[in-house]
Amino acid sequence: MAAGQPMPMARPTALPGPSAMAAPAAATGRPMCSPNRAGSGDLDGQITGWRWDFDDGVTLNGATVTRQFDAAGPVGVRLTVTDNSGAAACQAGEDTARIKVNGTPTVDAGPDRKVLIGAAHDDLRFTAAGTTDPDGDGLTLTWDFGDMAQAQGGTVSHAYTRPGDYAVTITARDSTGLACGIAADSAAIKALARK
């Protein structure tokens, strides 16, 4: 570049968050702060405007925004940043990210039951057939039989050794680590001694 020529202006960089492979997760019905914009910047000035366009029709303005999602599923967001240069050709930069809006699993421990105990084959079989995840995530299923015993899996068996009333609880956890990714249900078991 010849001496005395003005430096070309640089377009600001918008970084709304991670790629779809590592999308941030949000819970349905709960507020979520905007994805990480820490990488946004401008080499030759200052960013003065941030516009977040979500593909479900919501637009918000500000360096950090908060919004609530009402339905589970992926939502795209486009962050457009503008700088203080006033040069229309290079005043704005934009990038996109995807947010995984997580739904709560549906879980069913099955009906309340009575069982006789004391014989060799007095096992109860429990199945998580009514358990689903609205996002299609794999679920980790843990059964607590109410007598200090636990098991994992979609179908499990358990034998009670003492008469009494027990609550068997199934807990389903998805892979997000969010509180909304955990659900539980219980069934009452009455264990009766054989006469």
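Above this text is the structure in question.
Residues numbered from 1 in each chain as written. Predicted model: local features only at pLDDT ≥ 70, side-chain atom pairs only at ≥ 80, totals over all residues. Heavy atoms only, no water.

Asks: So what exactly am I meant to see when it comes to unusual backbone geometry here?
Replies: Trans peptide bonds make up most of the peptide bonds, and negative phi angles are found at most residues other than glycine. Although it is not a glycine, M148 adopts a positive phi angle of roughly 80°. Its place among the elements puts M148 in the loop between β10 (140-144) and β11 (150-152). (Helix = DSSP H or I, 4+ residues; strand = E, 2+ residues; numbered from the N terminus.)

Asks: Sorry if this is basic, but what is going on with the pairing of strand β13 (residues 164-173) here?
Replies: Moving residue by residue along a regular strand, the side chains alternate between the two faces of the sheet. Across 5 bridges, the pairing between β10 and β13 is antiparallel. Residue pairing in the sheet places L141 in a bridge with A172 of β13. Bridge count between β13 and strand β14 (residues 182-193): 10 bridges; the pairing is antiparallel. By the bridge assignment, D165 is partnered in β14 with K190. (Pairing = 2+ DSSP bridges.)

Asks: Where do I start with the pattern of salt bridges in this structure?
Replies: Charged atoms that come close allow side chains of opposite charge to pair. The final tally for this structure, using the stated rule, is 7 salt bridges. Note that D53 and R51 form a salt bridge whose closest N and O atoms lie 2.8 Å from each other. We classify R51 as partly exposed; its relative accessible area is 37%. As a salt-bridge pair, K190 and D165 come within 2.7 Å of each other at their nearest N and O atoms. One end of the pair, K190, is in strand β14; the other, D165, is in strand β13, and 25 residues separate them in sequence. For K190, a relative accessible area of 33% translates into the label partly exposed. (Salt bridge = Lys/Arg side-chain N within 4 Å of Asp/Glu carboxyl O. Buried < 20%, exposed > 50% of the residue type's maximum accessible area, 1.4 Å probe, protein only.)

Asks: How do you make sense of the environment of V75 when you look at a structure like this?
Replies: As for its placement among the helices and strands, V75 is situated in strand β6 (residues 73-83). Residue V75 is classed as buried on the basis of its relative accessible area of 7%. Along the sequence, V75 and V101 sit 26 residues apart, while their C-alpha atoms lie 7.0 Å from each other. In this structure, V75 is in contact with F54, D55, D56, F69, A97, R98, I99 and V101, ignoring residues within four places of it in sequence. (Contact = heavy atoms within 4.5 Å.)

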